[in-house]
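Single-letter residue listing:
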Amino acid sequence: MAHILLVEDEVALAQFISLELSNEGYQVSTAHDGMTGLAIARQSLPDLAILDWMLPGLSGIELCRRLRTTGIKIPIIMMTAKNEVEDRVDGLDAGADDYITKPFSVEELFARIRAHLRRTQEVYENILQVGELKLDRLTHQVLRGDRLIDLTVKEFDLLAYLMQNPQQVFTKEQILENVWGYNFGGDSNVIEVYIRYLRLKLEQQGETRIIHTVRGVGYVIRES
């Protein structure tokens, strides 16, 4: 369930949009001024934000800027009655991803939300992270903190498989089937060899162990 932050000072409109979003299955947090919206965004880290341009205390455009400067990269849709090209440019320059002009149809708003969440999900699916260990399946890069780790293709595949479900213990049979393939005819001890290779590279600078052995069962990746 995606979490959406709605910041709109018109209470009746906010209630209407919030109800429609809830009916669509979204979790919704609502604020009626910019400072409250900023606090909610920083505390709850929603998946997407819908910001009205004109807000008391802190404008929607300034709220958008502050979210970006604090490193919050969620999709942001600006809502406004302003329809000048300059206004659209200002919103995009402030870090907004989209712009919808009042009055608008709820169906159009939902379509924009779905599009942004879909793109965000596609990015998230390609990036796996466990603690400070991050794996990017598109670039085939692995980072532990700021340190780039050079892995072979099979080491990368094994690590990605474990990172898809952190905390889950995988048996050797599961690993062989999903990483080496059902037709692999080699020795299952190859897994122990590759786990050792991975540990040496992941712990090269004295980092804590992240791939653990569950005796008699298999292997699991988790923070110590």
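Residues numbered from 1 in each chain as written. Predicted model: local features only at pLDDT ≥ 70, side-chain atom pairs only at ≥ 80, totals over all residues. Heavy atoms only, no water.

- In the annotation of an unreviewed UniProt entry, the chain is listed under the name Two component transcriptional regulator, winged helix family protein and assigned to Leptolyngbya boryana NIES-2135.

### Observations concerning the overall build of the chain
Here comes step 1: When you go through the chain residue by residue, the secondary structure sums to eight helices and twelve strands.
Here comes step 2: Taken over C-alpha atoms, the radius of gyration comes to 23 Å for the chain, far larger than the 17 Å a tight globule of 224 residues would show.
Here comes step 3: Each principal axis of the C-alpha atoms in the chain carries an extent, and together these give about 65 × 35 × 30 Å.
Here comes step 4: The contacts in the chain between residues at least 6 apart in sequence include a share of 56% that link residues at least 24 apart.
Here comes step 5: For the chain, the accessible surface area stands at approximately 12200 Å², while carbon and sulfur atoms represent 48% of it. (Helix = DSSP H or I, 4+ residues; strand = E, 2+ residues; numbered from the N terminus. Rg over C-alpha atoms; globule rule 2.2 N^0.38 Å. Contact = heavy atoms within 4.5 Å. Areas by Shrake-Rupley, 256 points an atom, 1.4 Å probe, with all protein chains shown as cover.)

### A look at the nonpolar core
Here comes step 1: In this structure, Leu158, Leu159, Ile175, Trp180 and Ile211 are the most contacted members of the largest nonpolar core, which totals 29 residues.
Here comes step 2: The leading source of residues in this core is helix H6 (residues 153-164), at seven residues.
Here comes step 3: Other than its neighbours up to four places away in sequence, isoleucine 211 contacts Leu159, Leu162, Ile195, Leu198, Arg199, Leu202, Val220 and Ile221.
Here comes step 4: Counting 21 residues, the second largest nonpolar core, distinct from the first, contains Ile72, Ile74, Ala96 and Tyr99. (Core = buried A, V, L, I, M, F, W, Y, C linked by side-chain atoms within 4.5 Å. Buried < 20%, exposed > 50% of the residue type's maximum accessible area, 1.4 Å probe, protein only.)

### Some thoughts on the pairing of strand E7 (residues 133-136)
Here comes step 1: Here four bridges tie strand E6 (residues 127-130) to E7, and the two strands are oriented antiparallel to one another. What sits directly across from glutamine 129, in E7, is lysine 134.
Here comes step 2: Relative to strand E8 (residues 141-144), E7 runs antiparallel, the two sharing four bridges. For leucine 135, the partnering residue across the bridge sits in E8 and is valine 142.
Here comes step 3: Hairpin remark: E7 followed by E8, antiparallel, with four residues in the connecting loop; positive phi at histidine 140, about 60°. (Pairing = 2+ DSSP bridges.)

### A look at unusual backbone geometry
Here comes step 1: A cis amide bond, omega -10°, links lysine 102 with the succeeding residue proline 103.
Here comes step 2: Considering the arrangement of structural elements, one finds proline 103 in the loop between strand E5 (98-101) and helix H5 (106-126).
Here comes step 3: Of note, leucine 45 is a non-glycine position whose phi angle comes to about 45°, a positive value.
Here comes step 4: In this structure, leucine 45 sits in the loop between helix H2 (34-44) and strand E3 (48-52).
Here comes step 5: On the basis of relative accessibility, which here comes to 54%, the residue leucine 45 falls in the exposed class.
Here comes step 6: Its identity is not glycine, yet histidine 140 carries a phi of approximately 60°, on the positive side.
Here comes step 7: Within the secondary structure layout, histidine 140 lies in the loop between E7 and E8.

### Overview of the packing of aromatic side chains
Here comes step 1: Enumeration according to the criterion identifies four aromatic pairs in this entry.
Here comes step 2: Judged by centre distance (6.2 Å) and plane angle (70°), the ring pair of tryptophan 53 and tyrosine 99 falls under edge-to-face. With tryptophan 53 in the loop between E3 and helix H3 (60-69) and tyrosine 99 in strand E5, this residue pair connects regions lying 46 residues apart in the sequence. Comparing tryptophan 53 with tyrosine 99 shows no difference in burial state: the two are buried.
Here comes step 3: Arranged with centres 5.4 Å apart and planes meeting at 75°, the rings of tryptophan 180 and tyrosine 194 form a pair that is edge-to-face. With a gap of 14 residues between them, tryptophan 180 in helix H7 (residues 172-180) and tyrosine 194 in helix H8 (residues 190-202) connect regions that are remote in the sequence. There is no split in this pair, since tryptophan 180 and tyrosine 194 are both buried.
Here comes step 4: In textbook terms, an aromatic cluster arises when at least three aromatic residues are bridged by ring pairs, as seen for Trp180, Tyr194 and Tyr197. (Phe/Tyr/Trp six-rings, centres within 6.5 Å; stacked < 30°, edge-to-face > 60°.)

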